[in-house]
Each structure stands twice: as structure tokens, then as C-alpha cells.
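Given next are the chains, with one letter for each unit.
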Amino acid sequence: MTSLSSSPSSPAAADRDRAIIRVNHLTLEFPIFHGGARSLKKTLFRRAKQPLAAVRAARTGGQVVVGEDSSGVVHVRALTDVSFTIHAGERIGLIGHNGAGKSTLLRVLGGIYVPQPGMLTVRGSVETLIDTNSGMNPELTGRENIFLQAQHKALRTAELKKLEKDVESFAALGEFMDLPVRLYSSGMAIRLGFGLATAIAPQILLMDEWFMAGDAKFQEKALQRLAGVVDGSDILVITSHSLGIIAEWCTRVIWLEGGRVQMDGPTTDVLTAYTEAMSNHG
Ligand SMILES: Nc1ncnc2c1ncn2[C@@H]1O[C@H](COP(=O)(O)OP(=O)(O)OP(=O)(O)O)[C@@H](O)[C@H]1O
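First, a word on what this report is: a plain description of the structure on this page. The structure displayed is predicted, hence computed values, not measured ones.

1. Points about helix H8 (residues 267-281)
Compared with the 21 Å implied by 1.5 Å per residue over 15 residues, the 21 Å span of H8 between its first and last C-alpha is a close match. Within H8 the residues assigned to the buried category are Thr267, Val270, Leu271, Tyr274 and Ala277. All buried residues of H8 lie within an arc of 130° about the axis, which places them on one face of the element. For H8, the exposed residues lying more than 90 degrees away from the buried face are Thr268, Ser279 and Asn280.

Right under this line is the structure:
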């Protein structure tokens, strides 16, 4: 069950309405409808007959399972029984191997995937920096997309003008601002998407590491702008393979392994354990 709600801004209700994310026993599976699923199912059954010691869990990816319903559809279980609470003021880093479930978890928190079973409560305004074009219409120009966002946020004319000026100057796309977004390179789409998503600080900012893409000058500008947004937000959740970024930005780290929470705690403790595990197992 998912509940998403926005906070009223009454100062009297400030404490009660501060952002919070609560995740309880969350599991998420993707069904596989690919032609290869049949032979994959045979392999899984063959493996199930082998002694347990011979079936070592893969280090990358979620768990591949045969569905328990009568259809026998093969699923990838990306998240298994994940639970945690994030309070206002916390900056969370999600780390783990390729396929550990970081991006999937971020999408669940952003309301893009609905977990079943499990319960998710997200209180506060949410902004996601997950896909380069998230929330953008590729058929519209960059400028029209700014107007679209302003409409969603019910901005007044003066606020819209401010937003347009701010994003235009940050993205520095020149005449491309008045061309359809589908013509942009991925770096150009990042400039616009990042500029838009960070123009107004949300209570909860969910961010995948793609923002690190782009040329060096843009990265520098993006980090500077992000610092301001993070300061204005209640909660930051960021996934990254760069432990330097996690160490610099996060107060707490959740380490995922094969879709499960391996460790959850203060940044230094989790990064130390993770780095040790890396050097032991590669
Ligand atoms: N749309 C999808 N359909 C099927 N399986 C998916 C889908 N998205 C993710 N998965 C699977 O879910 C598991 C977790 O993937 P996810 O992208 O969340 O991992 P990640 O930790 O973000 O990985 P990386 O660091 O490589 O980006 C993987 O096994 C992946 O194959």
C-alpha cells in the first residue's frame, strides 16, 4: 500500500508535517515475459535439485525466482523484505553492487513502482532526479517544458518568469531551449532536467547518480547548485557508486545486497564495512 501526501506549510504544524519516509517489509518483483524465460525456468528447476552448496548466490542482480502462482511465470525479485524509516534532516546514501536494487528502491520511493507486498508512507513534496527526462514531454521544447512544470506546481506569472530565467541560465542551451527536447543529446537533456528539478527545493529529493554525467564544467555547476537544494530539503536519498560522493553528502548509508538490506547505519561505519567486504571479495 502506498500513501503519498503533500505537507501544508502552516508553521504551527511544522513538526507534525516534517517529511518522513517509512518502508515496511517491502518486496518488489518484475515478471519476465521474454522468450528466453522458458529455458531460464528449466535451468532454475535443474539448479533447485543440486545440493545447496553448489548453488552460490550471484553477486550481481536480484534474485531470479519462479512465481508461486499457477502461471509459473519467472520473476526477478529486485527487493526482498526491505524496512527502514528516514526522518527529516537525514541524507541517505544507497550503495551496493550492480543490480543490488538501488535504482528500483529509489523508484519505489518516488512512486514510480508500487511495491507488493509491503507498505510505503512518504510524507512531503517529492522531486525525483531519476531519469534524464523524468517529468518532461520530449515533443515540447525546453521552454514549454518549463511552463509545463510551472503549471503542475501552480506557480504565479512572476514565479514562472523567475523559474524560466533561472533554468535557462543554468542549462545554457542557447537556441536549443526553443527546440523539442527529443532533439537533445543525453547531456543536454540532463542540463535541462537537472536545472528544472533543482529550481525549487522539495522536501524530499530522490536522486540517481546520472547527474554526474555531463562535462566537467557542468558537474562543477551541478554540484554547486545541488548543495543549495540539499540545504533546503528535509530528506535526500542518493544512489551512487562513488563512495567519495556518499561520504561527502550523506549522514547515513543503506547498503543493499541482492535486494536485501545488508547494513544500515552511520556513513563511516557502513562505508568501512562495505570497503572491507569489497577488498575481501572483489
Ligand atoms: N524493469 C525491469 N524489469 C525486469 N527486471 C528489472 C527491471 N529493473 C530492474 N530489474 C532487475 O532488478 C534488479 C535490481 O536492479 P536495479 O536497477 O535496481 O539495481 P541497481 O542496484 O540500481 O544496479 P546498478 O548499480 O547496476 O545501476 C536487477 O536484477 C535487475 O535486473
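On we go from here.
2. A short note on helix H5 (residues 186-197)
Across its 12 residues, H5 extends 16 Å between first and last C-alpha, which sits within 8% of the 16 Å expected from 1.5 Å per residue. Most of H5 is tucked away: 10 of the 12 residues are buried. For H5, the set of buried residues is Met188, Ala189, Ile190, Arg191, Leu192, Gly193, Phe194, Gly195, Leu196 and Ala197.

3. A word on the nonpolar core
Residues Ile95 and Phe194 are the most contacted members of the largest nonpolar core, which totals 26 residues. Put simply, the parts of the chain that give this core at least two residues each are H5, strand E8 (204-207), helix H6 (216-232), strand E9 (235-239), helix H7 (243-249), strand E10 (252-257) and H8. Per-element tally for this core: the top contributor is H6, with 5 residues. In this structure, Val23, Leu79, Leu94 and Ile235 belong to the second largest nonpolar core, which totals 25 residues.

Rules of the game
Residues numbered from 1 in each chain as written. Predicted model: local features only at pLDDT ≥ 70, side-chain atom pairs only at ≥ 80, totals over all residues. Heavy atoms only, no water. Helix = DSSP H or I, 4+ residues; strand = E, 2+ residues; numbered from the N terminus. Expected span 1.5 Å × (residues − 1). Buried < 20%, exposed > 50% of the residue type's maximum accessible area, 1.4 Å probe, protein only. Arc of directions from axis to C-beta. Core = buried A, V, L, I, M, F, W, Y, C linked by side-chain atoms within 4.5 Å.

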